[in-house]
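Read off the chains here:
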Number of protein chains: 2
Amino acid sequence: MDRNAPKTYQLSAATAVDVADILRLIRALAEYEKLSDQVVATEAALQEALFGATPRVEALVARSASRVVGFALYFQNYSTFRARSGVYLEDLFVEPEYRGSGIGQALLRKLAGIAVARGCERFEWAVLDWNVPAIEFYQSLGARPLDDWTVYRLGGDALQALAAQA
Amino acid sequence: MDRNAPKTYQLSAATAVDVADILRLIRALAEYEKLSDQVVATEAALQEALFGATPRVEALVARSASRVVGFALYFQNYSTFRARSGVYLEDLFVEPEYRGSGIGQALLRKLAGIAVARGCERFEWAVLDWNVPAIEFYQSLGARPLDDWTVYRLGGDALQALAAQA
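Along each chain, residue indices are assigned from 1 in the same order as the chain's sequence is written. The order in which chains are written sets their letters, starting at A; the order in which ligands are written sets their numbers, starting at 1. Side-chain atom pairs in this predicted model are given and counted only at pLDDT of 80 or more, local residue features only at pLDDT of at least 70, and totals for whole chains, interfaces and linings cover all residues. As a rule here, side-chain values come from all non-hydrogen atoms in the structure, and water together with hydrogens is ignored.

K.L.:
Mind laying out the packing of aromatic side chains, listing which residues take part and the relevant values?
P.N.:
Only the six-membered ring of Trp is used, alongside the rings of Phe and Tyr, when aromatic pairs are assigned; centres must lie within 6.5 Å, and planes under 30 degrees apart are stacked while those over 60 apart are edge-to-face, with the rest tilted. Inspection of every chain in the model, using the stated rule, returns 10 aromatic pairs over all chains. When the ring of Phe75(B) is compared with that of Tyr88(B), the centres are 5.2 Å apart and the planes differ by 25 degrees; the resulting orientation is stacked. Here Phe75(B) is found in strand β3 (residues 67-79), whereas its partner Tyr88(B) is found in strand β4 (residues 84-94), with 13 residues between them in sequence. What links up through ring pairs into an aromatic cluster is the set Phe123(A), Trp125(A), Phe137(A) and Tyr138(A). Across from the ring centre of Trp130(A), 4.1 Å away, lies the NZ or CZ of Lys34(A), which sits over that ring. The ring of Tyr32(B) carries Arg99(B) above its face, with NZ or CZ at 5.3 Å from the centroid. Each helix corresponds to a stretch of at least 4 residues labelled H or I by DSSP, and each strand to a stretch of at least 2 residues labelled E; elements are numbered beginning at the N terminus. Two conditions define a charge sitting above a ring: the NZ of Lys or the CZ of Arg must be within 6 Å of the ring centre, and it must be within 35 degrees of the ring normal.

Shown next, in the form of structure tokens:
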């Protein structure tokens, strides 16, 4: 591939035929984030979450020359203070050779449009602190870090132990 | 009230009659977090989110002597890496005079039990970095900070501007 060739792309809401590609890109994202050891997702589980009887998440895909080269997966969160849902972006990924062609920004623009159309005031996502290129990109779009908040997680044995006391 | 008297309490899933009390406690939490200027929640909006046609959140309430003195409000988030839902605790609050009587821990225990019963591996929430008593309490239960992640938010004019380009 000529890396300097203009790369055209199309965005669309994901459908069931995209699940295998989304899983492929989730694995590529985990590799980039040095978190591959955490990935246990299967196509069946992802299919259920996206298109099962009670969908839990939604996704957009970006295609170039009919191939899925990027995706965004999101769900709605909720602010009690605003008494309003927000859009929470769980994953955003564009294949390395397609970066710089505007696909990432187009996915974020589309999600911002979805957020506003749904009456949401907030569009949020988490970023690894060492991922400076991503942070600069997000800041350039007007996103701001919630610097005074830290997410705490109870998982594994600690979660089981607390649950056992319930 | 005798602050040293043992305080008995009962936990239950919130119902529609609890909405006014939950809103009162949301406002008290915002005041504690020095974020009262952000609160625009109304009883109608909260009623819709909890008990409308498409509920977006769930809540537990703690009663003492028939009065609601604490609550936890939560929703399900999602991990693509685990291909699994998790429990996300948006708000936890116990009235100051009822702290130290185990209500906060009982609410967290019950939520941990709900998470495990639903097959979730993760129970998460965000804490203000200056809230040291809360952080020590959460750590004592085995919760760990996701120190290398920062949440970014696109809101207000920046969200509208990006959406307008979609």
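Having put the structure on the table, let's press on.
K.L.:
With reference to specific residues and values, describe the sheet that holds strand β7 (residues 149-155) of chain B.
P.N.:
Strand order in this open sheet of 7 strands is β1(A)-β2(A)-β3(A)-β4(A)-β5(A)-β7(B)-β6(A), and the pairing throughout is mixed. Bordering the open sheet on either side are β1 (10-13) and β6 (144-145) of chain A, each of which pairs with just one other strand. Strand pairing requires that DSSP identify at least two bridges connecting the strands. Note that strand β4 (residues 84-94) of chain A and strand β5 (residues 122-128) of chain A share 3 bridges and pair parallel. By the bridge assignment, Leu89(A) is partnered in β5(A) with Trp125(A). What makes two residues a contact is simply this: any of their non-hydrogen atoms within 4.5 Å. Throughout, an axis means a line fitted to C-alpha atoms (over the contacting stretch in the case of helices), and angles, computed between N-to-C directions, take values from 0 to 180 degrees. Most of the contacts of helix α1 (residues 19-32) of chain A go to strand β3 (residues 67-79) of chain A, to which it runs at about 80 degrees, and overall it touches β2 (58-64), β3 and β4 of chain A.

K.L.:
So what's going on with the sheet that holds strand β7 (residues 149-155) of chain A? Which residues, and what values?
P.N.:
Spatial ordering of the open sheet is given by β1(B)-β2(B)-β3(B)-β4(B)-β5(B)-β7(A)-β6(B), a layout of 7 strands whose pairing is mixed. Of all strands in the sheet, those bounded by a partner on one side alone are β1 (10-13) and β6 (144-145) of chain B. In terms of strand pairing, strand β2 (residues 58-64) of chain B meets β3(B) through 7 bridges, oriented antiparallel. Bridge pairing in β3(B) links Glu58(B) to Tyr74(B).

K.L.:
Mind laying out the pattern of salt bridges, listing which residues take part and the relevant values?
P.N.:
All names here are of chain B. Salt bridges are defined as contacts in which a side-chain nitrogen from Lys or Arg sits within 4 Å of a carboxyl oxygen from Asp or Glu. As enumerated under the stated definition, the model contains 16 salt bridges over all chains in all. In this structure, glutamate 58 engages arginine 118 in a salt bridge whose closest nitrogen and oxygen atoms are separated by 2.8 Å. Residue glutamate 58 is located in strand β2, and its partner arginine 118 is located in the loop between α3 (103-117) and β5 (122-128); the two are separated by 60 residues in the primary sequence. The shortest N-O distance in the salt bridge between arginine 82 and glutamate 121 comes to 2.7 Å.

K.L.:
Which residues make up the relation of the copies chain A and chain B, and what values go with them?
P.N.:
For the least-squares superposition of copies, only C-alpha atoms count, and only for residues with pLDDT at least 70 in both. Its rotation angle being 180 degrees, the transformation that places chain A on chain B also includes 0.0 Å of axial translation and leaves an RMSD of 0.0 Å. The superposition operator between the copies reduces to a two-fold rotation axis. A high fraction, 100%, of the interface residues of chain A reappear at the interface in chain B, so the copies pair face to face through one surface.

K.L.:
So what about the interface of chain A and chain B? Which residues, and what values?
P.N.:
Every contact between the two is made by 71 residues of chain A and, on the other side, 71 residues of chain B. A simple way to read buried area is as the amount of 1.4 Å-probe accessible surface that goes missing from two parts once joined, with both sides added. Across the chain A/chain B interface, buried area totals approximately 6500 Å², and carbon plus sulfur atoms make up 63% of it. Area buried by chain A at its contact with chain B is led by Phe81(A), Tyr152(A) and Arg153(A), which between them contribute 15% of it. For the pair chain A and chain B, the number of links is 2 salt bridges. The salt bridge partner of Glu124(A) is Arg153(B), with a shortest N-O separation of 2.5 Å. Per element, the largest residue contribution to the side of chain A that touches chain B is 8 residues, and it comes from helix α3 (residues 103-117) of chain A. Each residue is assigned to one of three groups, with Ala, Val, Leu, Ile, Met, Phe, Trp, Tyr, Cys and Pro labelled nonpolar, Asp, Glu, Lys and Arg labelled charged, and all others, Gly among them, labelled polar. Class assignment for the residues of the side of chain A that touches chain B results in 40 nonpolar, 16 polar and 15 charged. In this sheet, β7(B) lies alongside β6(A) in antiparallel orientation, the contact comprising 2 bridges. Following the sheet pairing, Arg144(A) is matched in β7(B) by Arg153(B).

Just geometry here; none of it tells us what the structure is for.
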